[in-house]
Amino acid sequence: MTYASSARQPEPERGSAWSRGAENPADGPEAGAASSAVNDFNVVPITAAHAARQGAVRHADTSLPNPETAAKGKKSTPTAGKVRSDALRMLGCVRIATVRQMAQVITAEESDGRSYVRRAMVELESLGLAETNGKDGKHKIWNLTPAGQKALADGNELPARPKAGTGAKAVRAGFGPHGLAVTDMILAYTDTVLGSRGYLTDWQVEVNHAIKQTGLSFNTDAVLAVPTETSEVRLFELDNGTMSQARLAKEVWDYERYAGHRVWEGARGTIGGTYPFWQRHRYTRSTTFPRLHVVLAGKAEHLLDNRRQALTDAVQGITIAVWVNTLPRLQRDEPWYEIGVDDPHERRARYPEPVGR
């Protein structure tokens, strides 16, 4: 399978999130998912792996600053207290980050901005709210302590996340590079697609998806809670070049297994009916299964393109919406490639009904 080299680029739809080409309708509660998807994404119909570009989002949360906007006005030195609070909020969302990554969000200055953040992190460390447990090259990797997470919760700065870890164990175990790549992905998507770093507080990392009855359980690298017209979140998986192509493909197929599982609903003794597990117990305000974004990083760009092609081949025929991009292309605001289309009708046929309640 080869990429369509001359795929036309759709114009972003104004006044709504995105629109998508037609899908197969289905009977039952998922019937409206395909037809309503035209109001969700702006994507050319899939052939092999068409390029697709996302439109802008209308309303921005301004809970974190946008340095580019601030830089247009009078240059001002950020107060120490504001830098500390912004650093706490950012680490509460992305879990781990370097001073460079935090300065990219918090301040409008380049080298000076890092010095502001560095001083703030030293102060937070002395207060027991942040700590380092490893380095990325010469750069310290920062994460919150449990006390730092409690400070955020007590101040109602972020939605309650009682099961969120600090990331310290992962850094000590040597998985810091993956976590930092996830942070880079979040920053790139927030800048290039959402267009405002105020959306940073709408991210959550390492979100578990599990179905106890089947034993299926996996962690999604990042979930963005900025709704489209048919789905309340967007799912993100980042491959930092450390897993085999077969393992990467299996992780993508696990999302289809999750989307395909159905459960009985209705009082015992009645006929009742079956419904998608995700729609009744997880994303209850969504009419289509959330789109999965796969971002490839950690290797030379031509090798990432090879992995993108291999993944396209490996997930051919998948019945959930999957878009793939490389981290360098995402940072340059280049189009995504659509390698899977949401098809609830085919998905229901592929996964049998549960035997009983």
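Presented here is an overview of the structure given in this document.

## A closer look at the overall build of the protein
- Within the protein, the regular secondary structure consists of 13 helices and 12 strands.
- Buried positions account for 50% of the 357 residues belonging to the protein.
- Long-range contacts, defined as pairs at least 24 residues apart, comprise 66% of the intrachain contacts of the protein with a sequence gap of at least 6.
- Of the roughly 16400 Å² of accessible surface on the protein, 51% is carried by carbon and sulfur atoms.

## A look at the sheet that holds strand β3 (residues 130-136)
- Read across the open sheet, the three strands follow the order β2-β4-β3; overall the sheet is antiparallel. The open sheet terminates on both sides in strands that have one partner only, identified here as β2 (96-97) and β3.
- Relative to strand β4 (residues 139-144), β2 is paired through two bridges, and the arrangement is antiparallel. In the strand pairing of β4, isoleucine 96 is matched with asparagine 143.

## Digging into the pairing of strand β10 (residues 292-296)
- Where burial is concerned, most of β10 is hidden: five out of the five residues are buried.
- Here β10 shows no split at all, with Leu292, Val294 and Leu296 on one side and His293 and Val295 on the other all buried.
- Where strand β7 (residues 234-239) meets β10, five bridges bridge the pair, whose relative direction is parallel. Opposite glutamate 237, over in β10, you have valine 294 as the bridge partner.
- Taken together, β10, helix α11 (residues 301-314) and strand β11 (residues 322-326) constitute a β-α-β crossover, and its handedness is right-handed.

## Side note on unusual backbone geometry
- Even without being a glycine, arginine 95 presents a positive backbone phi close to 80°.
- With respect to the element layout, arginine 95 can be found in the loop between α3 (80-94) and β2.
- Relative accessible area serves as the criterion here: at 17%, arginine 95 is assigned to the buried category.
- Unlike most non-glycine residues, aspartate 333 shows phi in positive territory, near 60°.
- Looking at the element boundaries, aspartate 333 is found in the loop between α12 (327-331) and β12 (336-340).
- The class of aspartate 333 is partly exposed, set by a relative accessible area of 34%.

## Topic: the layout of surface pockets
- Roughly 770 Å³ of internal volume is contained in the largest pocket.
- The wall of the largest pocket is formed by 32 residues, among which His178, Glu206, Asn219, Asp221 and Leu238 lie closest to the centre.
- The set of elements that each furnish at least two residues to the lining of the largest pocket consists of α7 (168-172), α8 (176-194), β5 (203-211), β6 (216-224), β7 and α9 (245-260).
- Of all the elements, α9 adds the most residues to the lining of the largest pocket, at six residues.

## Structural notes on the nonpolar core
- In this structure, Met102, Met121, Met185, Ile186 and Tyr189 are the most contacted members of the largest nonpolar core, which totals 48 residues.
- Of all hydrophobic cores here, the second largest spans 32 residues; its members include Ala51, Leu248, Tyr283 and Tyr337.

## Regarding the pattern of salt bridges
- Considering all chains together, one arrives at 17 salt bridges under this definition.
- A salt bridge links arginine 197 to aspartate 191, with the nearest nitrogen and oxygen atoms 2.7 Å apart.
- Under the relative-accessibility criterion, aspartate 191 is labelled partly exposed at 28%.
- The shortest N-O distance in the salt bridge between arginine 285 and glutamate 232 comes to 3.4 Å. Of the two residues, arginine 285 is situated in the loop between α10 (277-281) and β10 and glutamate 232 in the loop between β6 and β7; the sequence distance between them amounts to 53 residues.
- Its relative accessible area of 62% is what places arginine 285 among the exposed residues.
- Taking the relative accessible area as the measure of exposure, glutamate 232 reaches 10% and is therefore buried.
- Connected through shared salt-bridge partners, Glu301, Arg329, Arg332 and Glu334 make up one network.

## A closer look at the environment of alanine 52
- Examined against the element boundaries, alanine 52 turns out to sit in strand β1 (residues 50-52).
- The class of alanine 52 is buried, set by a relative accessible area of 0%.
- Sequence separation between alanine 52 and glutamate 338 is 286 residues; the distance between their C-alpha atoms is 6.4 Å.

## Quick look at the side chain of arginine 262
- Note on placement: arginine 262 falls in strand β8 (residues 262-265).
- Residue classification places arginine 262 among the buried residues on the basis of a relative accessible area of 3%.
- Of the polar contacts made by the side chain of arginine 262, one reaches the backbone oxygen of threonine 274; its length is 2.8 Å.

What counts, and at which threshold
Residues numbered from 1 in each chain as written. Predicted model: local features only at pLDDT ≥ 70, side-chain atom pairs only at ≥ 80, totals over all residues. Heavy atoms only, no water. Helix = DSSP H or I, 4+ residues; strand = E, 2+ residues; numbered from the N terminus. Buried < 20%, exposed > 50% of the residue type's maximum accessible area, 1.4 Å probe, protein only. Contact = heavy atoms within 4.5 Å. Areas by Shrake-Rupley, 256 points an atom, 1.4 Å probe, with all protein chains shown as cover. Pairing = 2+ DSSP bridges. Right-handed = clockwise from strand over helix to strand, strands pointing away. 1 Å grid on protein atoms, 1.4 Å probe; cavity = no way out; pocket = protein on both sides within 12 Å on 5 of 7 lines; lining within 4 Å. Points joined across faces, edges and corners; volume = space filled by probe spheres on them. Core = buried A, V, L, I, M, F, W, Y, C linked by side-chain atoms within 4.5 Å. Salt bridge = Lys/Arg side-chain N within 4 Å of Asp/Glu carboxyl O. Polar contact = N/O pair within 3.5 Å; in protein donor to acceptor, adjacent residues only side chain to side chain.

By themselves these figures say nothing about function.
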